[in-house]
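Here are the chains, one letter per residue:
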Amino acid sequence: MKTISNKAIVLAELNLSMNEQKSNELYMECKKKVHRVALSYVKDNCIAEDLSHEILVKCYLNYKTFNGERSFYSWIYRIANNHCIDFLRKGYRHRVVLHENMELLNDEDACTPEFEVLNSFDTEELRNKIRQLPSKYEEVITLYYFKDQSLKEIQHRLNINLSTIKTRLSRAKRMLRDMY
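What you see is a predicted model; the values in this text were computed from it and never measured.

A. Local environment of the packing of aromatic side chains. By the definition in use, this model includes three aromatic pairs. Taking 5.6 Å as the distance between ring centres and 35° as the angle between the ring planes, the aromatic pair formed by Phe-72 and Trp-75 counts as tilted. You can see Phe-72 and its partner Trp-75 sitting in helix 4 (residues 72-89), three residues apart, about one turn around the helix. As far as burial versus exposure is concerned, Phe-72 and Trp-75 are alike and both buried. Here the guanidinium or amino end of Lys-33 rests over the ring plane of Tyr-73, the centre of that ring lying 3.8 Å away.

This is the structure:
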């Protein structure tokens, strides 16, 4: 039996043409609960906010699958759990975000001609120092950093062991550090 006291169920039974005010009410009512579920999985507030928004959009788009056999919140809770588990399976923890040059994006001086000239001089100096390395180290550094090849691709190309490639990369970086 459906009761009017459960505002979420009443709002959920409306069709997709519900007006903006009612959909906003439903969104605000579910937002905190979904955010708590996402936060319990990812332990990062920003990622949890993104996930909760994705979950609520997914619920809105898959609205027709809600059949009323269970409560509306348990339906959303199940979608939130599954979405968070899928997100964790995708390996978000292994994604690398480079923070060191992020302030350059906000810096107004970063796009000046002077900055570009200095940057090109730095790049040229680095290339000259790499050319001074022994050829076996220069080759590995060039393939890995400038031609964006993976260690496996370098292994197949040079026909040497993976551990040898890692050692050469490490030694080449140390030599470059010493040169500076």
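B. Region of interest: helix 9 (residues 162-179). Its 18 residues place the ends of helix 9 26 Å apart at the C-alpha level, agreeing with the 26 Å of an ideal helix rising 1.5 Å per residue. Every buried residue belonging to helix 9 is among Ile-165, Arg-168, Leu-169, Ala-172 and Leu-176, and all of these are buried. Buried residues of helix 9, seen end-on, are gathered within an arc of 100° and therefore sit on one face of the element. More than 90 degrees from the buried face of helix 9, the exposed residues found are Arg-177 and Asp-178. On its buried face, helix 9 is in contact with helix 6 (113-132), helix 7 (135-146) and helix 8 (151-158).

C. Layout of the packing of helix 8 against helix 9. Their axes nearest at 9 Å, the elements helix 8 and helix 9 cross at an angle of 110°. Compared by their axis directions, helix 8 and helix 9 come out roughly perpendicular. Of the residues in helix 9, those touching helix 8 at Leu-151, Lys-152, Ile-154 and Gln-155 are Leu-162, Ile-165, Lys-166 and Leu-169. When grouped by side-chain class, the residues that make up the contact of helix 8 with helix 9 number five nonpolar, one polar and two charged.

D. View of the pattern of salt bridges. The final tally for this structure, using the stated rule, is two salt bridges. Across the pair Arg-89 and Asp-86 runs a salt bridge, and its minimum N-O distance is 3.7 Å. Here Arg-89 and its partner Asp-86 are both found in helix 4, three residues apart, which amounts to about one turn of the helix. We classify Arg-89 as exposed; its relative accessible area is 67%. Asp-86 sits in the partly exposed class, given a relative accessible area of 35%. The shortest N-O distance in the salt bridge between Glu-124 and Arg-131 comes to 3.9 Å. On the basis of relative accessibility, which here comes to 39%, the residue Glu-124 falls in the partly exposed class.

E. Here's a closer look at unusual backbone geometry. Backbone geometry at Asp-148 places phi at a positive 50°, although glycine is not the residue there. Residue placement: Asp-148 occurs in the loop between helix 7 and helix 8. Unlike most non-glycine residues, Asn-159 shows phi in positive territory, near 60°. Relative to the helices and strands, Asn-159 is located in the loop between helix 8 and helix 9.

F. Structural detail: a nonpolar patch on the surface. On the surface, Val-57, Tyr-60 and Leu-61 cluster together into a nonpolar patch covering about 300 Å² of accessible area. Within the secondary structure layout, Val-57 lies in helix 3 (residues 45-61). Judged by relative accessible area, Val-57 falls into the partly exposed class, the value being 36%.

Conventions adopted
One numbering rule holds for all chains: residues counted from 1, following each sequence as written. Note on the predicted model: pLDDT of at least 70 is required for a residue's local features to be given, and 80 or more for side-chain atom pairs to be given and counted; whole-chain, interface and lining totals, by contrast, use all residues. The basis for every side-chain value is the complete set of heavy atoms in the structure, and neither hydrogens nor water enter the calculation. Aromatic contacts are taken between Phe, Tyr and Trp rings whose centres are within 6.5 Å, Trp giving its six-membered ring; a plane angle under 30 degrees counts as stacked, one over 60 as edge-to-face, and the others as tilted. Working definition: helices are DSSP H or I runs of at least four residues, strands are E runs of at least two. Numbering for both runs from the N terminus. Burial classes follow relative accessibility: with a 1.4 Å probe on protein chains only, a residue under 20% of its type's maximum area counts as buried, one over 50% as exposed, and anything between as partly exposed. Only lysine NZ and arginine CZ atoms are considered, and such an atom sits over a ring when it is within 6 Å of the ring centre and within 35 degrees of the ring normal. By this rule, a helix spans an expected 1.5 Å times one less than how many residues it contains. Taking the helix axis as origin, the arc is that swept by the directions to the C-beta atoms. Note on contacts: a residue pair is in contact if any heavy atoms of the two residues lie within 4.5 Å. Simply put, an axis is a line fit to the C-alpha atoms, just over the touching stretch for a helix, and the angle between two N-to-C directions goes from 0 to 180 degrees. Should an angle lie under 35 degrees it is considered roughly parallel, over 145 roughly antiparallel, and from 65 to 115 roughly perpendicular; all remaining angles are considered oblique. Amino acids outside the nonpolar list (Ala, Val, Leu, Ile, Met, Phe, Trp, Tyr, Cys, Pro) and the charged list (Asp, Glu, Lys, Arg) are all regarded as polar, and Gly is one of them. In what follows, salt bridge is the name for a side-chain nitrogen of Lys or Arg lying within 4 Å of a carboxyl oxygen of Asp or Glu. Note that patches include only residues with greater than 30% relative accessible area and no salt bridge, and the join distances are 9 Å for like charges and 5 Å for nonpolar side chains (Val, Leu, Ile, Met, Phe, Trp, Tyr). Working definition of accessibility: Shrake-Rupley area with a 1.4 Å probe, residue cover restricted to the visible protein chains.

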